[in-house]
Amino acid sequence: MIIGIDPGTNLLGFGVVHVVGRKAEFVDMGVLDLRKDKDPYEKLRQIFDTVGQVCKTYHGTEMALESPFYAKNAQVILKLGRAQGAAMIAALEAGIPVHEYAPRRAKMAIVGNGAASKEQVCAVLETTLGVKLGTKHLDATDALAIAMCHFYETTSPLSGASAKGSSSKSKSSKGGSWEKFIADNPDRVK
């Protein structure tokens, strides 16, 4: 199970996909709404607890997390970094490796356009996963996109180690080329 997280201190989205062979299947998605809570430390506790529960409930094996993007306001980046850190620690506490992807990278992986709108990402995910997601919870569909981005990155033989998102685990010294794919999948090569 890949758990995708779109961290935020007001709205945190999560999306879960189950990998079966070379196919990802939709499992669940949701949003943690923290807008009514004014205590920033209580928000971090809720993020930690909720992400920990998602990891436990769905028996996650990997977490894909949206990395903070550039913002003109340093306070925004600081708050997002704290939310991301709370989610990371929850995953690491559960023994789940964490991988980060920039928002543009996820949009590129899903839509083929790093500047795609959230609605475009949602529409492509609906088609790809064969489910109706709707545009009510775009933070959740963003999290699902991060999970699918990780799925694509880890299953594509063309995806090199240098092209992957950063990870809490060290990368193989074999690189991320056809050689690595062949070494990792000898049964798929004739």
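Counting restarts for each chain, with residues numbered from 1 along the sequence as it is written. Only residues with pLDDT of at least 70 are given local features in this predicted model, and only at 80 or more are side-chain atom pairs given and counted; all residues enter the totals for whole chains, interfaces and linings. Where side-chain values are given, they derive from all heavy atoms of the structure, hydrogens and water being excluded.

Enquirer: Would you explain the nonpolar core in this entry?
Expert: Counting 23 residues, the largest nonpolar core has V17, L125, L144 and M148 as its most contacted members. Elements with a contribution of two residues or more to this core: β3 (23-33), α3 (103-111), α4 (118-129) and α5 (138-155). Take this core: its biggest share by element is nine residues, from α5. Residue contacts are counted whenever heavy atoms from the two residues lie within 4.5 Å of one another. With residues up to four places along the chain from it excluded, the contact list for V17 reads M1, I2, A24, E25, V27, L144, A147 and M148. We call a set of buried residues a nonpolar core when its members are Ala, Val, Leu, Ile, Met, Phe, Trp, Tyr or Cys and they connect through side-chain atoms within 4.5 Å of each other. Only protein chains enter the calculation, and the probe is 1.4 Å; a residue is then buried if its accessible area is under 20% of its type maximum, exposed if over 50%, and partly exposed in between. In this structure, I47, V51, C55 and A91 belong to the second largest nonpolar core, which totals 22 residues. Put simply, DSSP marks the helices as runs of H or I at least four residues long and the strands as runs of E at least two long, and each gets a number from the N terminus on.

Enquirer: Teacher, can you tell me more about the packing of aromatic side chains here?
Expert: Aromatic ring pairs are described here by two measures, namely the spacing of the ring centres and the angle between the planes. Whether two aromatic rings pair depends on their centres lying within 6.5 Å, for rings of Phe, Tyr and Trp, where Trp uses its six-membered ring; planes under 30 degrees apart make the pair stacked, over 60 edge-to-face, and the rest tilted. Counted by the stated rule, this structure contains one aromatic pair. Here the aromatic rings of F151 and Y152 are separated by 5.6 Å at their centres, their planes lie at 50 degrees, and the arrangement is tilted. With relative accessibility at 27%, the residue Y152 sits in the partly exposed group.

Enquirer: Looking at this structure, how should I read unusual backbone geometry?
Expert: Most of the time, phi is negative for any residue but glycine, and the peptide bond is trans. Despite not being glycine, H59 shows a phi value in the positive range, around 50 degrees. Within the secondary structure, H59 is located in the loop between α1 (40-58) and β4 (62-66). Overall, the relative accessible area of 62% leaves H59 in the exposed class.

Enquirer: Help me out: how do you make sense of the pattern of salt bridges in this one?
Expert: When charged atoms on two side chains of opposite charge get close, those side chains can pair. A pair is scored as a salt bridge if a Lys or Arg side-chain nitrogen falls within 4 Å of a carboxyl oxygen belonging to Asp or Glu. Using the criterion set out here, one finds five salt bridges in the structure. D33 serves as the salt-bridge partner of R35, at 2.7 Å between the closest nitrogen and oxygen. A residue is classified by how much of its surface remains accessible, and D33, at 43% relative accessible area, is partly exposed.

Enquirer: Can you walk me through the confidence of the model for the protein in this structure?
Expert: In low-pLDDT regions, the fine details of the predicted coordinates are not to be read closely. In this model, the protein carries an average pLDDT of 86, and 85% of its residues clear a pLDDT of 70 or more. Confidence scores labelled pLDDT are given residue by residue by the predictor and lie between 0 and 100. Across the protein, the secondary-structure element scoring lowest on mean pLDDT is helix α6 (residues 178-184), at 70, and the one scoring highest is strand β1 (residues 2-6), at 97. Note that residues 161-175 has pLDDT below 50 and, in this model, 27 contacts with residues that lie over four places away or in other chains.

Enquirer: Would you explain the environment of H150 in this entry?
Expert: You can see H150 is positioned in helix α5. On a C-alpha basis, the gap between H150 and Y101 in space is 7.9 Å, while along the polypeptide they are 49 residues apart.

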